[in-house]
Amino acid sequence: MEILVVTGGIGSGKSLVSRMLTECYGIPVYEADTRAKALYAEIPSMLDEIESVLEVVLRDDSGNFIPQKLAKVIFTDSDSLKKVEDILFPQLQRDFF
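Once a new chain begins, its residue numbering starts again from 1 and follows that chain's sequence as written. Confidence filtering applies because this is a predicted model: local features only for residues at pLDDT of at least 70, side-chain atom pairs given and counted only at 80 or more, and all residues used for totals across whole chains, interfaces and linings. The basis for every side-chain value is the complete set of non-hydrogen atoms in the structure, without hydrogens or water.

## Things to note about the nonpolar core
Across soluble globular proteins, you tend to see nonpolar side chains buried next to one another. In this text, buried Ala, Val, Leu, Ile, Met, Phe, Trp, Tyr and Cys residues form a nonpolar core when linked through side-chain atoms within 4.5 Å. Note on classification: 1.4 Å probe, protein chains only; a residue is buried when its accessible area is under 20% of the maximum for its type, exposed when over 50%, partly exposed between these limits. Within the largest apolar cluster, 14 residues are counted, with the highest numbers of intra-cluster contacts made by Tyr40, Met46, Ile50, Leu70, Val84 and Leu88. Contact definition: two residues touch when any of their heavy atoms are within 4.5 Å. Those residues in contact with leucine 70 that sit more than four places away from it in its chain are Tyr40, Ile50, Leu54, Leu58, Phe65 and Val84.

Below is the structure:
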């Protein structure tokens, strides 16, 4: 099996390219952003760990994950981004395979 990875910065067109691969060529696409959001709900311990290392609450009063809170932290602090990636990426890798 061959794997093509589409990478790029925010707003660089990754979603557009991925959509074209699926719609035009029938190539299945693993959308890491979408799966990451789902994994926060599917693996509550992962979100617990992220909140612990960042020392911030990322859920509302009902316990629902608020992605905007996480984005605010990781897009303004590269150390926080690295901490989250170290927790999230192994989970994404397991989910993909």
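Having put the structure on the table, let's press on.
## Quick word on a nonpolar patch on the surface
Like-charged residues within 9 Å of one another, or nonpolar side chains (Val, Leu, Ile, Met, Phe, Trp, Tyr) within 5 Å, are grouped into patches, provided each residue has over 30% relative accessible area and no salt bridge. The accessible surface values rely on the Shrake-Rupley method and a 1.4 Å probe; as for residues, cover is taken only from the protein chains in view. In what follows, salt bridge is the name for a side-chain nitrogen of Lys or Arg lying within 4 Å of a carboxyl oxygen of Asp or Glu. Taken together, Met1, Ile3, Val5, Phe96 and Phe97 make up a surface patch of nonpolar side chains, about 630 Å² in accessible area. For phenylalanine 96, the position within the fold is in helix H5 (residues 78-96). The class for phenylalanine 96 is partly exposed, based on a relative accessible area of 33%. In DSSP terms, a helix is any run of H or I states spanning at least four residues, a strand is any run of E spanning at least two, and both are numbered starting from the N terminus.

## Quick word on the pattern of salt bridges
Per the stated rule, a full pass over the model turns up five salt bridges. Among the salt bridges present, the one from arginine 59 reaches aspartate 48, with a minimum N-O distance of 2.4 Å. Linking arginine 59 in the loop between helix H3 (44-54) and helix H4 (67-74) with aspartate 48 in helix H3, this pair joins segments that are eleven residues apart in sequence. Assessed through its relative accessible area of 40%, aspartate 48 is described here as partly exposed. In this structure, a network of salt bridges that share partners links the residues Arg35, Glu42 and Asp95.

## As for the packing of helix H2 (residues 32-42) against H3
Fitted lines through C-alpha atoms give the axes, limited to the stretch in contact for helices. The angle between two N-to-C directions lies from 0 to 180 degrees. Running from amino to carboxyl end, H2 crosses H3 at an angle of 95°, the nearest separation of the two axes being 5 Å. Accordingly, the angle class assigned to the pair H2 and H3 is roughly perpendicular. Across the interface between the two elements, Leu39, Tyr40, Ala41 and Glu42 of H2 pack against Pro44, Met46, Leu47 and Ile50 of H3. An angle below 35 degrees is read as roughly parallel, one above 145 as roughly antiparallel, one from 65 to 115 as roughly perpendicular, and any other as oblique.

## Some words on the confidence of the model for the chain
Values of pLDDT, which run from 0 to 100, indicate the predictor's confidence residue by residue. Scored by pLDDT, the chain has a mean of 91; 99% of the residues are at 70 or more. Per-element mean pLDDT across the chain ranges from 89 in H2 up to 96 in H3.

## Quick word on the packing of aromatic side chains
In this scheme Phe, Tyr and Trp rings, the latter by its six-membered ring, pair at centre separations within 6.5 Å, and the angle between planes marks the pair as stacked below 30 degrees, edge-to-face above 60, and tilted otherwise. Going through the model one piece at a time under the given rule, you end up with three aromatic pairs. For the pair phenylalanine 96 and phenylalanine 97, a centre-to-centre distance of 4.8 Å together with 90° between the ring planes defines the contact as edge-to-face. Residue class for phenylalanine 97 comes out exposed when judged on its relative accessible area of 66%. What links up through ring pairs into an aromatic cluster is the set Tyr30, Phe96 and Phe97.

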